[in-house]
Amino acid sequence: PVILSHHMLPGLKEGQGKMSKSDPSSAVFMEDTEAEVNAKIKRAFCPPCTAKDNPVLEYARYLVLPSLGRLFVPRRDLNGGNITYRDWEAMYLDFETGRLHPGDLKPAVARALNRVLEPVRQHFRSDPRAKAILAEVKKM
């Protein structure tokens, strides 16, 4: 067995200090489908101009930026045009000041999370041993 420790991510719902295994909608799991990730992030608590305790920003900070090195946010020219974040501080400041809106952040984070998760999904689809281990873990 291997244990990976990381920053404790908050739950995706308002007021959830941490993810909950008993509430599957409170977190993105490695085996979630693309559609599930998109739906969870779309419904996630992410009020405009509130960066503190914002789970969508936390996912960007602790999962997307370390894995991909950047977060690309496509936006209409009317909303400032496309922007790429390579550091957490700039993203935080833009969100806190309203230059980055949840309507732009959420789909960008969902797309990025799906990019990060796709090799994991592929591994569990194609490796019978990995598939069996995942089934055992899900029983717990």
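Below: a short report on this structure. (Residues numbered from 1 in each chain as written. Predicted model: local features only at pLDDT ≥ 70, side-chain atom pairs only at ≥ 80, totals over all residues. Heavy atoms only, no water.)

## Focus: the pattern of salt bridges
Link 1 in the chain: Taken as a whole and judged by the stated rule, the model has five salt bridges.
Link 2 in the chain: For Asp53, the salt bridge is made with Lys52, and the minimal N-O distance between the two is 3.3 Å. The same class applies to Asp53 and to Lys52, which are both exposed.
Link 3 in the chain: Arg125 is the salt-bridge partner of Glu118, the closest N and O atoms lying 2.6 Å from each other.
Link 4 in the chain: In this structure Arg125 comes out as partly exposed when scored by relative accessible area, which is 46%.
Link 5 in the chain: Connected through salt bridges with shared partners, the residues Glu118, Arg121 and Arg125 form a single ionic network. (Salt bridge = Lys/Arg side-chain N within 4 Å of Asp/Glu carboxyl O. Buried < 20%, exposed > 50% of the residue type's maximum accessible area, 1.4 Å probe, protein only.)

## Concerning unusual backbone geometry
Link 1 in the chain: Of note in the backbone geometry, Cys49 takes a positive phi value of approximately 60 degrees without being a glycine.
Link 2 in the chain: By secondary structure assignment, the location of Cys49 is in the loop between helix H1 (34-43) and helix H2 (55-68).
Link 3 in the chain: One non-glycine residue with positive phi stands out, namely Asp53, at about 60 degrees.
Link 4 in the chain: Under the relative-accessibility criterion, Asp53 is labelled exposed at 56%. (Helix = DSSP H or I, 4+ residues; strand = E, 2+ residues; numbered from the N terminus.)

## Re the packing of aromatic side chains
Geometry of an aromatic ring pair is reported as the spacing of the ring centres plus the angle between the planes.
Link 1 in the chain: Enumeration over the complete set of coordinates arrives at one aromatic pair.
Link 2 in the chain: For the ring pair Trp88 and Tyr92, a centre distance of 5.4 Å and an interplane angle of 65 degrees mean the geometry is edge-to-face. Of this pair, Trp88 and Tyr92 are both found in helix H3 (residues 88-97), four residues apart, which corresponds to roughly one turn of the helix.
Link 3 in the chain: Given a relative accessible area of 30%, Tyr92 falls into the partly exposed group. (Phe/Tyr/Trp six-rings, centres within 6.5 Å; stacked < 30°, edge-to-face > 60°.)

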